[in-house]
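Summary of structural features
Here's the letter readout for the chains.
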Amino acid sequence: MLVLLGFAMIAVFMVLIMTKKLTPVLALIIVPTVFGLFAGAGLGIGDMVMDSMKSMTSTAALLMFAIIYFGLMIDVGLFDPLVRFILRKLGNDPAKVVLGTAILAAAVSLDGDGSTTFILTTAAMLPIYLRLKMSPVVLTCVAGLANGTMNIVPWGGPTARAATALKIDVNDVFVPMIPSLLAGIAVVMAFAWVLGLQERNRLRATHPEIWAVPETAEGFDGGAPAGGSGSLGNASGRGRKAGNPGGAAPAVGSSSVAVLERAEAPADAQDAGLADTALDPNRATLRPRLFWFNLVLTVAVMGMLIADLVPLPYVFMVGSAIALLVNFPRVKDQATQIVAHAPSIVAVVSMVMAAAVLTGVLTGTGMVEAMSAWLVQIIPSSMGPLMAVITGVLSIPMTFFMSNDAFYFGVLPVLSETAGHYGISAAEMARASITGQPFHMQSPLVPAILLLVSLAKVDLGDHHKKVLWRSAVVSLVMLGIGMLTGAIGIG
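Since we're looking at a predicted model, the values are computed, not measured.

**What to know about the overall build of the protein chain**
When its secondary structure is counted, the protein chain shows 22 helices and 6 strands. Of all 491 residues assigned to the protein chain, the portion counted as buried reaches 56%. Sequence-distant contacts, at least 24 apart, represent 78% of the contacts inside the protein chain between residues at least 6 apart. Of the roughly 19,600 Å² of accessible surface on the protein chain, a fraction of 68% belongs to carbon and sulfur atoms.

This is the structure in structure tokens:
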């Protein structure tokens, strides 16, 4: 009964948010509550949720002050040079912009922290997406894929958990999986390029007025956006209204094979294109004289994140306090800056707290334990030699439905013990178990993904529609390459 209730609860939750019958916050609260009561939790359901919420408070604090800190850095202009550099290199070609998003997210993911990756990627790329009228869902999809794939680096968490649970060296797990990691990143880049081409074609059809693409005897020599009206948001959750300074441009002919590349433009032209966006060069919050101070402060914060000397929430608390004090000495301005980022804070923190209801019910009622035991039992003994492959496949849905801790410390040791009877080593089992991470990182139980969709103002259901099947493909490719290279063997 617990197994049925557990899988039914997850299925109902996913259906409700993907069909937009309920917001994720409401679904995270209502669905587990109903199923928890059916599971016999009774009045004890409150204690289950509170116990789970205790483990969430530090995450909520981390995300809250991280939003304040990086939102403040966006406002004061720390990321403006980076975005202008990206604009010069990527131009206005959506395919290049999406590919650049994947490369940026993968590079930043090297620090092993998903929240930091998504904050920086969104800060740098979302203004560009909105200015070019590209879909922010594409941004969240590509960033989620890149970060999920890179999540198997030893300091990312899952690899260390797998090694610890099976009492083996972490390098024995990761090093043989490097070919799988490279293959996964290659698939992510391919998905990014295809999504970019789709965005290019969509914009060509739906917003031809944005592009000024003069046709010459040599072909198309590039164009610049003519502007366009629309409601533009930014990474800190505030919206602004954009004007149309350039007027309408001729539509691109259907027989043309133009690549919408932007020619090198002078700085003033680029600044004009950024007007009325999150990177408006004339916004009142800019602090150009404090650029180097803010850069050094940010590098110091990132260094503390990597060094892990003190709790991460405290790092961002202190960083936010210093940044506010130096950039906005007046108390009134400090309060204004905090309030300005309140919408993003409420959105992400409320979702983290609501996720405690789902995890609390899953754990407190014994659903997770029952689901894990059932999955182990249904594997026939004749498939014993394939236990590593089976573990890799199971890691895709199981790490989505439960936390990494529950899977790696609760399920993996049982599977590994069984596999040992068929000559499959613990290291092979550990390697197979981490291939599901690209799919895992899209789970609503992962606070970082909630942060990503909140900053980009994307519905979680829309994100899942675009990212889930692609992340499953990446996971299966990583598993397949692991088998081909011998990192994941068959007993």
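**Side note on unusual backbone geometry**
Phi at K133 takes a positive value of approximately 60°, unusual for a residue other than glycine. Mapped onto the elements, K133 comes out in the loop between α6 (114-131) and α7 (136-150). Of note, the phi angle at K457 is positive, near 55°, even though the residue is not glycine. Examined against the element boundaries, K457 turns out to sit in the loop between α21 (447-455) and α22 (460-485).

**Section: the packing of helix α5 (residues 94-108) against α7**
At a minimum axis distance of 8 Å, the contact between α5 and α7 shows a crossing angle of 35°. In terms of crossing hand, the pair formed by α5 and α7 is right-handed. Taking contact as the criterion, the partners of V98, T101, A102, A105 and A106 in α5 are, on α7, V138, L139, V142, A143, A146 and M150. In terms of residue class, the contact of α5 with α7 is built from 10 nonpolar, 1 polar and no charged.

**Here's the deal with helix α8 (residues 158-165)**
All buried positions along α8 are accounted for by P158, T159, A162, A163 and A165. Angularly, the buried residues of α8 cover 165° about the axis, an arc narrow enough to put them on a single face. Just downstream of α8 lies K167, where phi reads positive at about 55°.

**Examining the pattern of salt bridges**
Evaluated as defined, the whole model comprises 4 salt bridges. As a salt-bridge pair, R200 and D93 come within 2.8 Å of each other at their nearest N and O atoms. Of the two residues, R200 is situated in helix α10 (residues 178-206) and D93 in the loop between α4 (80-90) and α5; the sequence distance between them amounts to 107 residues. Per residue, the accessibility class of R200 equals that of D93, and both read buried. Put simply, E199 and R202 hold a salt bridge, and the shortest N to O gap is 2.9 Å. Within this pair, E199 and its partner R202 are both found in helix α10, separated by 3 residues, close to a single helical turn. Note on E199: relative accessible area 6%, which makes it buried.

**Details of the nonpolar core**
Counting residues in hydrophobic clusters, the biggest one holds 143 residues, and the most contacted among them are M125, F316 and M429. Among the elements that line this core, the one with the most residues is helix α3 (residues 45-76), at 17 residues. If we ignore the near neighbours within four places in the chain, the residues touching M429 are L166, M387, A388, T391, L412, L415, S416, A419 and I424.

**Looking at the environment of L26**
Tracing the sequence through the fold places L26 in helix α2 (residues 24-38). Overall, L26 belongs to the partly exposed group, its relative accessible area being 40%. Sequence separation of L26 and M351 is 325 residues, and the distance between their C-alpha atoms is 8.9 Å.

**Digging into the side chain of T391**
For T391, the position within the fold is in helix α17 (residues 387-401). With a relative accessible area of 0%, T391 lands in the buried category. If near-sequence neighbours (up to four positions away) are discounted, T391 is found in contact with L412, L415, M429 and S433.

**Some details on a nonpolar patch on the surface**
Among the surface-exposed residues, F293, Y314, M317, V318, I322, L325 and V326 lie close enough to one another that they form a single nonpolar patch of about 570 Å² accessible area. Element by element, the count of residues in the nonpolar patch is highest for helix α13 (residues 312-327), at 6 residues. Position of V318 relative to the elements: it lies in helix α13.

**A closer look at the side chain of T285**
Within the element layout of this structure, T285 appears in the loop between α11 (267-273) and α12 (291-307). For T285, the side chain forms a polar contact with the main-chain oxygen of D75, separated by 2.7 Å. With residues up to four places along the chain from it excluded, the contact list for T285 reads D75, V76, F328 and Q337.

**Considering the packing of α5 against α6**
The N-to-C vectors of α5 and α6 enclose an angle of 160°; their axes lie 9 Å apart at closest approach. Taken together, the axes of α5 and α6 are roughly antiparallel relative to one another. Judged by the twist between their axes, the crossing of α5 over α6 is right-handed. Facing α5, whose interface residues are V97, V98, T101, L104, A105 and V108, α6 presents T116, T117, L120, T121, A124, M125, I128 and Y129. Split into classes, the residues belonging to the contact of α5 with α6 amount to 10 nonpolar, 4 polar and no charged.

**Focus: the packing of aromatic side chains**
On inspection of all chains with the given rule, the structure shows 4 aromatic pairs. Between Y69 and F316, the aromatic rings sit 6.2 Å apart at their centres with planes inclined by 65°, giving edge-to-face as the arrangement. With a gap of 247 residues between them, Y69 in helix α3 and F316 in helix α13 connect regions that are remote in the sequence. With relative accessibility at 0%, the residue Y69 sits in the buried group. By relative accessible area, F316 is classed as buried at 2%.

Cut-offs used in this document
- Residues numbered from 1 in each chain as written.
- Predicted model: local features only at pLDDT ≥ 70, side-chain atom pairs only at ≥ 80, totals over all residues.
- Heavy atoms only, no water.
- Helix = DSSP H or I, 4+ residues; strand = E, 2+ residues; numbered from the N terminus.
- Buried < 20%, exposed > 50% of the residue type's maximum accessible area, 1.4 Å probe, protein only.
- Contact = heavy atoms within 4.5 Å.
- Areas by Shrake-Rupley, 256 points an atom, 1.4 Å probe, with all protein chains shown as cover.
- Axes fitted to C-alpha atoms, helices over the stretch in contact; angles between N-to-C directions.
- Left-handed = near helix turned anticlockwise from the far one by under 90°.
- Nonpolar A, V, L, I, M, F, W, Y, C, P; charged D, E, K, R; others polar.
- Arc of directions from axis to C-beta.
- Salt bridge = Lys/Arg side-chain N within 4 Å of Asp/Glu carboxyl O.
- Core = buried A, V, L, I, M, F, W, Y, C linked by side-chain atoms within 4.5 Å.
- Patch = residues over 30% accessible without salt bridge, like charges linked within 9 Å, V, L, I, M, F, W, Y side chains within 5 Å.
- Polar contact = N/O pair within 3.5 Å; in protein donor to acceptor, adjacent residues only side chain to side chain.
- Parallel < 35°, antiparallel > 145°, perpendicular 65-115°, else oblique.
- Phe/Tyr/Trp six-rings, centres within 6.5 Å; stacked < 30°, edge-to-face > 60°.

The values are spatial; any link to function lies outside them.
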